[in-house]
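Summary of structural features
What follows is the residue order along each chain.
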Amino acid sequence: MRPRLRGCLVGAVVAASLCAAAVVVMWPGGDEEPGPRPDPTRTEIVSERRLDERRMELTIRSRALDATTKVRLLLPRGWESRTGWPVLWLLHGGLDDYTSWTSKTDVEALTRDTGVLVVMPDGGKCGSYSDWWNGGEGGPPRWETYHLKELLPLLEARYRAGARQAVAGYSMGGQGAMLYAAKGHFEAAASFSGALHILGPGVPQAVMAGTSIGCFGTDWKRVWGDPEEQREVWRAHNPYDLAGELKGVRLYVGAGQGDLVEDLANRAARAFTGRLEELGIPVRTHFHQGGHNHTSWQRELHRAYPMLMSAIGAQPA
C-alpha cells in the first residue's frame, strides 16, 4: 500500500455543531473585508467565499477540532429564494480533502438540475469521521462532533438547509456515512468502497499503515486505541456493530474487485451487508469489477443518486 493511493481504504479505515459570531464575505472579484478576530472558544465562520454561481467555500473555526477547517457547498438553482432545501452530504476518503468530490468526479453536472444543497466538508487526511480516543483523554480532533453538532446546525441556521438529509462517501467517507447515519441524522446513506467492518481480518493492520501514511508521525492508537485492549471503542466506531441502528434508513453499499485495497473493502462490505440481512434491514448492493479509485466512485454515486434523492424528496429545479 503506497502513499500515492488517494482516498485509499487504509486512510478510510484509519480515518475508516451553532451560529457564527463573525462572517467575512468574499464575492467573485471582490476583496475580503476583515472581521473580528476569531474566538477559539466558539464555532464561527471565518470566511465565506462564492467561487462561482454554484460553488461556495466556507472557512470555519471549530471548537471541536480546535482548528480552522473548510467546507465546499454546491448551491441549488434559486438557493436564495427559499429555505429548507434537501441536503446531500458527500464525504471524502483518506488522504483526500473537501475539494476531491468536485475536482475528481462530475458531481457538479450530476446535481445541476436537482433541487439539492450538496455539502462537502473536510474530514482530515486520517480523521476516520470519529472523535479520537487520544489515550482515553478525548479532545481534538473530534470530527463527529464537529460535523454533526457544529456544522449541521450551522447549515440549517445560516445556509438554508432543511431537515431532510442524506449522506454518501467513498472509502474512509463510506465508513463515515454509515457511522453518521447510525446516529439518526440522515434518511439515507450510501457507502462506496467503505471500511464497513473495521474489526474484520486484515483491517486493524490497515489502520496502522493508514495512519502512518495519511498523518505522518501520528500514533495510530490515538484514533480508537488498541483493537484488543480498547475493543469497545473500536466496536463503537464499527458500522458492522452499529448495523441495528440503521433500521429505517435507506441504504446503498457498493464495492468492487480489482486491486488489493478494493478487495479488502469488498470483504468488509459483504460482512456488513450480511449483518444487515441477519437483522432484516433492507440494503441495495452493487458488487462489481472495479478498483479503489474515483472512476468507480463516480459510477457508484450515479447508481445510488436516484435512491438518495427520493429519500429526501429532492426534485429537479
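This one's a predicted model, so the numbers in the text were calculated from it and none came from an experiment. Each chain carries its own residue numbering, running from 1 in the direction its sequence is written. This being a predicted model, a pLDDT of at least 70 is required before a residue's local features are given, and a value of 80 or more before pairs of side-chain atoms are given or counted; all residues contribute to the totals for chains, interfaces and linings. For side-chain calculations, the full set of non-hydrogen atoms in the structure is used, while hydrogens and water are omitted.

Our focus in this paragraph is the packing of aromatic side chains. Each Phe, Tyr or Trp ring (for Trp, its six-membered ring) is paired with any other whose centre lies within 6.5 Å, and the angle between the two planes then decides the class: stacked below 30 degrees, edge-to-face above 60, tilted in between. Taken as a whole and assessed by the stated rule, the structure comprises seven aromatic pairs. Pairing Trp89 with Phe186 gives two aromatic rings, centres 5.8 Å apart and planes at 85°, and the pair type is edge-to-face. Taken as a pair, Trp89 in strand E5 (residues 85-91) and Phe186 in the loop between helix H5 (172-181) and strand E8 (188-192) lie far apart in primary sequence, 97 residues in all. Assigned by exposure class, Trp89 and Phe186 land together as buried. In DSSP terms, a helix is any run of H or I states spanning at least four residues, a strand is any run of E spanning at least two, and both are numbered starting from the N terminus. Relative accessibility under 20% of the residue-type maximum defines a buried residue, over 50% an exposed one, and the middle range a partly exposed one, all with a 1.4 Å probe and only protein chains included.

Time to look at the pattern of salt bridges. Here, a salt bridge means any side-chain nitrogen of Lys or Arg that lies within 4 Å of a carboxyl oxygen of Asp or Glu. Following the criterion strictly, the structure yields 11 salt bridges and no others. Across the pair Asp113 and Arg77 runs a salt bridge whose closest N-O atoms are separated by 3.2 Å. Note that Asp113 is positioned in the loop between helix H3 (107-111) and strand E6 (117-121) and Arg77 in the loop between strand E4 (67-74) and E5, a separation of 36 residues in sequence. With relative accessibility at 44%, the residue Asp113 sits in the partly exposed group. Looking at Arg77, the relative accessible area reads 45%, which means it is partly exposed. By sharing partners, the salt bridges in this structure join Glu57, Lys70 and Arg72 into a single network.

Among the seven residues that make up strand E2 (residues 44-50), five are buried, leaving the element largely enclosed by the rest of the structure. One requirement defines pairing of two strands: DSSP has to find at least two bridges between them. A loop of four residues connects E2 with strand E3 (residues 55-62), the two strands running antiparallel in sequence.

What follows is about the state of the cysteines. Any two cysteine sulfur atoms lying within 2.5 Å of each other are counted as a disulfide. Using the criterion set out here, one finds one disulfide in the structure. Each sulfur in the disulfide pair Cys126 and Cys215 lies 1.9 Å from the other. For the disulfide bridge between Cys126 and Cys215, the dihedral angle about the S-S bond is near -120°, and by the sign convention the bridge is left-handed. Residue Cys126 is found in the loop between E6 and helix H4 (143-158), and its partner Cys215 is found in the loop between helix H6 (203-214) and helix H7 (221-224); the two are separated by 89 residues along the sequence. The exposure classification of Cys126 matches that of Cys215, with both residues buried.

Leu151 marks where H4 bends most, by close to 30°; the proline Pro153 follows one to four residues later. Buried within H4 we find Trp143, Glu144, Thr145, Tyr146, His147, Leu148, Glu150, Leu151, Leu152, Leu154 and Leu155. Phi turns positive one or two residues past the end of H4, at Arg160, with a value near 65°. A residue's bend is simply the angle between two axes: one fitted to the seven residues ending at it, one to the seven starting at it.

Glancing now at the nonpolar core. One broad trend across soluble globular proteins is that nonpolar side chains are buried collectively. To qualify as a nonpolar core, a set must consist of buried Ala, Val, Leu, Ile, Met, Phe, Trp, Tyr and Cys residues joined through side-chain atoms within 4.5 Å. Within the largest apolar cluster, 62 residues are counted, with the highest numbers of intra-cluster contacts made by Leu73, Trp89, Tyr159 and Leu246. Of the residues forming this core, the biggest block, seven residues, is contributed by H4. The contact rule is simple, with two residues in contact once any of their heavy atoms fall within 4.5 Å. Leave out the neighbours within four places in its chain, and Trp89 touches Val119, Pro121, His147, Leu151, Leu152, Leu155, Gln165, Ala166, Val167, Ala168 and Phe186. The next biggest cluster of nonpolar side chains, apart from the first, holds 26 residues, and it includes Leu88, Leu110, Ala190 and Ala314.

Let's shift gears to the confidence of the model for the protein chain. For every residue, the predictor assigns a confidence score, pLDDT, that lies between 0 and 100. In this model, the protein chain carries a mean pLDDT of 88, and residues with pLDDT of at least 70 account for 86%. Scored below 50 in pLDDT, residues 1-6 shows 13 contacts in the model against residues more than four places distant or in partner chains. Across residues 10-36 the pLDDT falls below 50, and counting only partners more than four positions away or on other chains, this stretch makes 91 contacts in the model.

What follows covers the environment of Phe287. Mapped onto the elements, Phe287 comes out in strand E10 (residues 284-289). Look at Phe287 and you get partly exposed, because its relative accessible area is 26%. Placed 30 residues apart in sequence, Phe287 and Gln257 show a C-alpha to C-alpha distance of 7.9 Å. With near-sequence residues (within four places) excluded, Phe287 lies in contact with Ala255, Asn266, Ala269, Arg270 and Thr273.

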